[in-house]
Amino acid sequence: MRVRFAPSPTGIPHVGNIRTALFNWLFARHHGGSFILRIEDTDVARKVKGALEAILDSLRWLGLDWDEGPEVGGEYAPYFQSQRLEIYQGVVRRLVEQGDAYLCYCSPERLEEMRREQMRRKQPPGYDRRCRELSEREKAELEAKGITPVVRFKTPLSGAVKFNDLIRGDVVFDCATIDDFVLLKSDGYPTYHLANVVDDHRMKISHVLRADEWLSSTPRHILLYDALGYEPPEFAHLPMILGNDRAKLSKRHGATSVMDYQKQGYLPQAMVNFLALLGWSLDDRTELMSREELIKNFSIERIGKTGAIFSQEKLGWMNGVYLRQLSIEELVEHAMPFLERGLPKSVKRPISGDYVCQIMPLIQERMRTLAEGAELASFFFVERLDYEPALLLERGLTRERALKALETAKERLESCPFEASSLEGVLRPLAAELGLKTGEFFGLLRVATTGHTAAPPLFETMAVLGRERCLKRIEAALERLMDRA
RNA sequence: GCCCCCAUCGUCUAGAGGCCUAGGACACCAGCCUUUCAAGCUGGAAACAGCGAUUCGAAUUCGCUUGGGGGCACCA
């Protein structure tokens, strides 16, 4: 079994592209086959700088290692189509000699005009085959004008192309609906159709797993395989991943680039698990699966047919699950870069690993992404808390009672051991002593020490913050309340 | 316009004629837990697009309709 992921470096890979890569990879690993990475860089004009690296980085981040391709080489190198031009040109020459392809001298302007006219007449757009049967004289004349021709495939005028898709079943296309598509562009580069077929054959690809959008070009490919005398591979067209509007995923759907998810602090194992479930399922209940379990269970038979909307919500939930499964050491390791990057500039670097080790248990179950973790942890680090003084009186406390409570708390905390259970032992009775409900008193202390009304458990938090920080913050809270008068 | 594909809760899906008064998950709502927020637990609301046909019996088979998507470049 040999499968490939064949992206074109014309942009940053989005989750749809990578889901295709993942399915190919899972299929290869499940069957002990090979996963080949081939770069289809045949569009010089649309080539984007940095796209290749983004593709490689995305695959590496998710752990989708390739057996042949860029950086690792392989028996069928090169794996960049731009380095295989002579191969395609040779094949095209043969096709022309066989009479299965022909040179076309039509100008882009004429083609454009033709298409416009067809659209206007509500006819299906397509090449009108003007150059299909040119005489030698006509060819010579056009040649003399210095026009560089393209090469088109001579599609049969009648008949049908039938093939079996592993996911869709039998699919039939009428040849009459397929025009004479271009094989070789005037710049000497092949089109996708040609290069793809030639390379899949030469690289001995056994199964083509690609997005559904390719289904309607498959008959062209079958026609090419036939003309070249190649045995076509098995095809499996994967359901597409859609945006919230159910349209094909594209740039305007927001953060769809895989690397964006890495930047936001999603874990690769969560991403892999989530993506695997978009269009594939194991059974009626299993959702959380490790990479090994996915490999073990993956099968084309269980790939669905309907497009799937990419749900940020569920990915977030799943990422939270994976985050909670990490040991504190692993979590700290993953979180450190996000803290370095996400904490306010005013916080001194480097950030203390020991301190972070104490903090992480308190926010682990509260974050869905690592970037969110940096926000949740921010108050542990900043020098001065920034919050509305009114938050201190959130629970309906009067200023006087709040002042009294904070002052008393401050006194008691001067001497109390700074450990969660001791703090509770001191503060809980103090609430009663002050005649406050625990919720009122703890809420007040929470805002004073963290600047938030929602935060990790108070006593653990105070213990981690330490006596010095807590006392300073309580003093600052007292000042705020005074200023308010 | 033409060709192709698809159609179960808001979303991801299970379901391959009776096991379905349609199961799970996310999100949502309620309750519990609780010093807040989470997490956790319990419960709830929520779907077979429509119409015909086949059959003793249809979410599952067939047809039509409707809806959605994709393709129709010297882009992939």
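What counts as what
Residues numbered from 1 in each chain as written. Chains lettered and ligands numbered in written order. Predicted model: local features only at pLDDT ≥ 70, side-chain atom pairs only at ≥ 80, totals over all residues. Heavy atoms only, no water. Helix = DSSP H or I, 4+ residues; strand = E, 2+ residues; numbered from the N terminus. Buried < 20%, exposed > 50% of the residue type's maximum accessible area, 1.4 Å probe, protein only. Contact = heavy atoms within 4.5 Å. Lys, Arg positive; Asp, Glu negative; His and termini not counted. Charge placed at Lys NZ, Arg CZ, Asp CG, Glu CD. Near = heavy atom within 4 Å. Polar contact = N/O pair within 3.5 Å; in protein donor to acceptor, adjacent residues only side chain to side chain. Nonpolar A, V, L, I, M, F, W, Y, C, P; charged D, E, K, R; others polar. Salt bridge = Lys/Arg side-chain N within 4 Å of Asp/Glu carboxyl O. Pairing = 2+ DSSP bridges. Right-handed = clockwise from strand over helix to strand, strands pointing away. Phe/Tyr/Trp six-rings, centres within 6.5 Å; stacked < 30°, edge-to-face > 60°. Lys NZ or Arg CZ within 6 Å of the ring centre and 35° of its normal. Core = buried A, V, L, I, M, F, W, Y, C linked by side-chain atoms within 4.5 Å.

Novice: Sorry if this is basic, but what is going on with the overall build of chain A here?
Specialist: Counting its regular elements, chain A contains 19 helices and 11 strands. Along the first, second and third principal axes, the C-alpha set of chain A runs to 105 × 45 × 40 Å. Expressed as a percentage of its 485 residues, the buried residues of chain A come to 51%. The long-range share in chain A, meaning contacts at least 24 apart out of those at least 6 apart in sequence, stands at 75%. Mean positive and mean negative side-chain charge positions of chain A (67 and 70 charges, respectively) differ by 4 Å.

Novice: What's the story with the protein's contact with RNA strand B in this structure? I'm lost.
Specialist: Close to RNA strand B lie 67 residues; Lys 248, Glu 287, Glu 365, Arg 366 and Arg 446 are nearest. The sugar-phosphate portion of RNA strand B accounts for 74% of its atoms within 4 Å of the protein, the bases making up the rest. Contacts to RNA strand B include Arg 168, whose side-chain N or O atom sits 2.9 Å from a sugar or linking oxygen. Measuring from a phosphate oxygen of RNA strand B, one finds a backbone N or O atom of Tyr 192 at 3.1 Å. Looking at the surface near RNA strand B, the elements that each hand over two or more residues are α4 (108-120), β4 (150-153), β6 (169-174), β11 (308-309), α11 (312-325), α17 (438-450) and α18 (458-465). Sorting elements by how many residues they give to the surface near RNA strand B places α11 first, with 4 residues. Residue classes in the surface near RNA strand B are distributed as 28 nonpolar, 12 polar and 27 charged.

Novice: Please explain the pattern of salt bridges as it appears in this structure.
Specialist: Tallying each qualifying case throughout the model produces 34 salt bridges. Across the salt bridge formed by Glu 117 and Arg 120, the nearest N and O atoms sit 3.0 Å from each other. Within this pair, Glu 117 and its partner Arg 120 are both found in helix α4, separated by 3 residues, close to a single helical turn. Here Asp 212 ties to Arg 168 by a salt bridge, and the two come within 3.4 Å at their closest N and O atoms. A residue pair is termed long-range when its members are at least 10 positions apart, and Asp 212 in the loop between β8 (207-211) and α7 (218-228) and Arg 168 in the loop between β5 (160-165) and β6 qualify at 44 residues. In this structure, a network of salt bridges that share partners links the residues Arg 4, Arg 38, Glu 40, Arg 84, Asp 199 and Asp 200.

Novice: What's the story with the pairing of strand β2 (residues 34-37) in this structure? I'm lost.
Specialist: Regular strands place their side chains on alternate faces of the sheet. Bridging between strand β1 (residues 2-5) and β2 involves 4 bridges; their strand directions are parallel. Within β2, the residue paired with Arg 4 across the bridge is Ile 36. Running through helix α1 (residues 15-31), the crossover from β1 to the neighbouring parallel element β2 is right-handed.

Novice: Looking at this model, I keep getting lost on the packing of aromatic side chains. Mind explaining?
Specialist: Aromatic ring pairs are reported here in terms of the distance separating the ring centres and the angle at which the planes meet. As enumerated under the stated definition, the model contains 15 aromatic pairs in all. Relative to Trp 214, the ring of Tyr 192 has its centre 4.1 Å away and its plane inclined at 20 degrees; by these criteria the two rings are stacked. With Tyr 192 in helix α6 (residues 192-202) and Trp 214 in the loop between β8 and α7, this pair connects stretches of sequence that are 22 residues apart. Where Phe 441 meets Phe 442, the ring centres are 6.0 Å apart and the plane angle is 40 degrees; that geometry is what we call tilted. Of the two residues examined, Phe 441 and Phe 442, each falls in the buried class. An aromatic cluster of three or more residues is present, and its members are Tyr 261, Tyr 266, Phe 274 and Phe 310. Lying across the ring of Phe 23, Arg 19 places its NZ or CZ 4.7 Å from the centre. A cation over a ring is seen here: Arg 341 above Phe 338, with NZ or CZ 5.1 Å from the ring centre.

Novice: Help me understand the nonpolar core, please; the structure alone is not making it clear to me.
Specialist: Nonpolar side chains in soluble globular proteins generally cluster together in the buried interior. In terms of nonpolar packing, the biggest core is built from 113 residues, with Phe 310, Phe 380, Phe 381 and Phe 441 touching the most fellow members. Per-element tally for this core: the top contributor is α1, with 9 residues. Residues Tyr 88, Phe 153, Leu 223 and Phe 235 belong to the second largest nonpolar core, which totals 37 residues.

Novice: What is the right way to read unusual backbone geometry from this model?
Specialist: With the exception of glycine, the majority of residues adopt a negative phi angle, and the majority of peptide bonds are in the trans configuration. Cis geometry marks the peptide bond from Ala 77 to Pro 78; its omega dihedral reads 0 degrees. Among the secondary structure elements, Pro 78 is positioned in the loop between α2 (51-61) and α3 (85-98). In this structure, Pro 350 follows Arg 349 across a cis peptide bond, with omega equal to -5 degrees. The topology assignment puts Pro 350 in the loop between α12 (328-342) and α13 (353-363). The backbone of Glu 71 shows a phi angle near 75 degrees, a positive value even though the residue is not glycine. Even without a glycine there, the phi angle at Lys 122 is positive, about 55 degrees. Within the secondary structure, Lys 122 is located in the loop between α4 and α5 (136-144).

Novice: Teacher, can you tell me more about the side chain of Arg 132 here?
Specialist: Here Arg 132 shows up in the loop between α4 and α5. For Arg 132, a relative accessible area of 12% translates into the label buried. From its side chain, Arg 132 meets the backbone oxygen of Thr 155 in a polar contact 2.8 Å long. A polar contact is formed between the side chain of Arg 132 and the side chain of Asp 180, at a distance of 3.1 Å. Discounting residues that sit within four places of it in the chain, Arg 132 has contacts with Tyr 102, Lys 154, Thr 155, Leu 157 and Asp 180.

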